[in-house]
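Survey of secondary and tertiary structure
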Amino acid sequence: MKACESSSRPLPLCPVSKKSVPEHFRFCPSCGSEKLALRGGKCVECPDCSFTLYFNPTCSAGALIFDQQGKLLVVERANEPSKGKYGIPGGFTDPGERLEEVAVRETKEETNLDIHSVKFFASFPNVYTYREVSYAVTDTYFLAKVDSFEGLEAEEGEVAGLHRVDPKEVPQDQWAFDSLRNAIAKYLAEY
Ligand SMILES: [Zn+2]
């Protein structure tokens with residue numbers, strides 16, 4: 001990894017606190033120094049002990065699951081961010097996990113469906129704001145199949161509803177995230 005260097009890309013800012021992740025740090029997590037410096041927007045560096053911490057984007061994976069009629073399975077989000085908007089089954093990677101495994105695991109958790117034939121489709125950057133911290137995320141999208149939609153069951157507390165929709169008929173502002181909006185546009189252009 002290169003030394004802490006500047007980036008021309010703007011930092012994703014938290015709409016509430018107006019702070020990106022590194023800007024929430026006030027003291028060096030290693031030695032407690034107050035001289036912690038924000039370098040280039042994606043890492044903090046301590047001039048007293050040389051401790052350096054990077055904030056590279058987090059990865060997520062989601063499953064694009066279409067039925068025989070070409071309807072997409074969407075997850076109506078029960079919680080912020082984007083409560084009430086449409087996402088797809090998906091979530092963040094755990095350490096050591098493959099993106100394909102994330103798509104399978106999160107789909108099982110959120111919908112109770114077992115997907116297979118998981119194939120990479122696209123990736124897009126996103127900003128995910130949780131409890132007043134804005135995280136830079138790389139969202140990845142996978143095409144996946146199910147043998148049956150029987151047993152479909154929304155995860156309590158996380159999913160407000162499961163729907164099968166024609167993606168062409170969903171208003172643009174109903175999609176939960178810019179990255180998903182981009183993935184849907186790419187899908188509609190290619191299929
Ligand atoms: Zn330090």
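Structure: above.
Residues numbered from 1 in each chain as written. Predicted model: local features only at pLDDT ≥ 70, side-chain atom pairs only at ≥ 80, totals over all residues.

Things to note about the sheet that holds strand 3 (residues 52-54)
Note the threshold: Two strands qualify as a pair provided that DSSP identifies no fewer than 2 bridges between them. Strands here mean DSSP runs of E at least two residues long; helices mean DSSP runs of H or I at least four residues long; both are numbered from the N terminus. The angle between two axes is taken between their N-to-C directions and runs from 0 to 180 degrees, where each axis is a line fitted to C-alpha atoms and a helix contributes only its stretch in contact.
Pairing in this open sheet of 3 strands is antiparallel, and the strands run 1-2-3 from one edge to the other. What marks the edges here is a single partner per strand, and that holds for strand 1 (37-39) and strand 3. Between one strand axis and the next, the sheet turns by 25 degrees as a mean value, whatever way the strands run. Across 3 bridges, the pairing between strand 2 (residues 43-45) and strand 3 is antiparallel. Each bridged residue has a counterpart across the sheet, and for C43 the counterpart in strand 3 is Y54.

Section: the nonpolar core
The following threshold applies: Put simply, a nonpolar core is a cluster of buried Ala, Val, Leu, Ile, Met, Phe, Trp, Tyr and Cys residues tied together by C-beta atoms within 7 Å. Counting other C-beta atoms within 10 Å of a residue's own tells you its class, since 20 or more makes it buried, 12 or fewer makes it exposed, and anything in between is partly exposed; those C-beta atoms are placed from the backbone. With C-beta atoms placed from the backbone, a contact is any residue pair whose C-beta atoms sit within 7 Å.
A63, A103, I115, F142 and A144 are the most contacted members of the largest nonpolar core, which totals 26 residues. Looking at this core, the elements that each hand over two or more residues are strand 4 (58-65), strand 5 (72-77), helix 1 (99-111), strand 8 (115-130), strand 9 (133-146) and helix 2 (178-190). Setting aside residues up to four positions removed in sequence, A144 forms contacts with A63, L64, I65, A103, I115, S117 and V118.

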